[in-house]
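Next come the chains, spelled out residue by residue.
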Amino acid sequence: MSTPAPGRHAVPEQGSPGPFTSLRHALRLLEAVDRHPGGATLVTLARETSLGLPTVRRLAEILEVEGYLDCQDGGWVLGGTFALLGQHNREQLVRARMDRKLDELREELGAAVYFSRYHDGELSVVAVSASDLAPAVQEWVDFRATAHASAIGKCLLGQLDHDGRRDHLSRHPVARLTSRTVTDTDQLMHRLERQPATVPVLDIQEYAVGTVCAAVPVTAGSTVGCLATSMPVGDAHRLKAAAELLAARAAPLMLAMAV
């Protein structure tokens, strides 16, 4: 009688005791967590795996020590060690982490929060966290064509070199959106070049009447990105403190984007 090759046909029966049972339970737990990129409670995981709550808690704690699971705000998510085993989960994991960080920041600020990037010559708003009490600014003119007037756009353009800024403005010429919009290209270029990297970029009703915004750079590898917030002009007195908080939270957001 031939001996089974390692890893083949060596699975014990469902009721077999010992380490194989614990291994099977751990795998079922990881699969259940994977179905909840935003995080799942131990109660939810126990229900989905049909395991007892004490068993789920014990396995989760072991897997957390090994880096396969992570507990964030009471919800269990896949940890960095597990993600490194394969890249198919990376994008989903990174996005879930980023969305959670933006939601936390929105609650802290009491205002809408945005993460944006400049990639392949264009501006894109990657993620927005808003609510009824903290509404996002209405995109009445395409953000991609109005970088000259928004805090997000100016923050991203400010991270490009001189030629990169000129190239963008040649494809998206400045246009007047409100009475406060800077429509002189040379003046805009001068402001961008003199903008200190450590000072938040502001938009005081330049993109939309009745709205003020602030943005700070987010650096993650080669990413040209920024973290921003918007609020009604009646809350303009809060903008400075909000901008300072954005700057303080930029680094944690960068870490949330890394697996």
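Scroll up to find the structure.
Residues numbered from 1 in each chain as written. Predicted model: local features only at pLDDT ≥ 70, side-chain atom pairs only at ≥ 80, totals over all residues. Heavy atoms only, no water.

(A) Representation of the side chain of T229 within the structure. Of note, T229 is situated in strand β7 (residues 223–232). What makes T229 buried here is its relative accessible area of 1%. (Helix = DSSP H or I, 4+ residues; strand = E, 2+ residues; numbered from the N terminus. Buried < 20%, exposed > 50% of the residue type's maximum accessible area, 1.4 Å probe, protein only.)

(B) Inspection of empty space enclosed by the protein at higher detail. Within this structure, the stated rule accounts for 2 cavities of 30 Å³ or more. Considered as a void within the structure, the largest cavity measures approximately 120 Å³ in volume. Looking at the largest cavity, it is lined by 14 residues, and the ones nearest its centre are V137, F143, S150, I152 and C213. The set of elements that each furnish at least two residues to the lining of the largest cavity consists of β4 (122–129), α6 (151–157) and β7. Broken down by element, the residue count for the lining of the largest cavity peaks at 3 residues, all from β7. The residue makeup of the lining of the largest cavity, split by class, is 10 nonpolar, 3 polar and 1 charged. (1 Å grid on protein atoms, 1.4 Å probe; cavity = no way out; pocket = protein on both sides within 12 Å on 5 of 7 lines; lining within 4 Å. Points joined across faces, edges and corners; volume = space filled by probe spheres on them. Nonpolar A, V, L, I, M, F, W, Y, C, P; charged D, E, K, R; others polar.)

(C) Main features of the pattern of salt bridges. Inspection of the entire model under this criterion finds 12 salt bridges. Among the salt bridges present, the one from E108 reaches R249, with a minimum N-O distance of 2.6 Å. A residue pair is termed long-range when its members are at least 10 positions apart, and E108 in helix α5 (residues 90–109) and R249 in helix α9 (residues 239–256) qualify at 141 residues. Residue classification places E108 among the partly exposed positions, given a relative accessible area of 44%. R171 is the partner of E122 in a salt bridge, and the nearest nitrogen-oxygen pair spans 3.0 Å. Linking E122 in strand β4 with R171 in helix α7 (residues 162–171), this pair joins segments that are 49 residues apart in sequence. What makes R171 partly exposed here is its relative accessible area of 35%. One salt-bridge network, held together by shared partners, links D103, R106 and E107. (Salt bridge = Lys/Arg side-chain N within 4 Å of Asp/Glu carboxyl O.)

(D) Just the nonpolar core, in detail. In this structure, Y118, L123, I152, L156 and L157 are the most contacted members of the largest nonpolar core, which totals 29 residues. Residue assignment for this core shows that the elements contributing at least two residues are β3 (112–119), α6, α8 (185–194), β6 (211–220) and β7. With 5 residues, the single largest contributor to this core is α6. Excluding anything up to four places from it in sequence, I152 contacts Y114, S116, L123, A215, C226 and A228. Listed in part, the 21 residues of the second largest apolar core include V113, F115, L239 and L246. (Core = buried A, V, L, I, M, F, W, Y, C linked by side-chain atoms within 4.5 Å. Contact = heavy atoms within 4.5 Å.)

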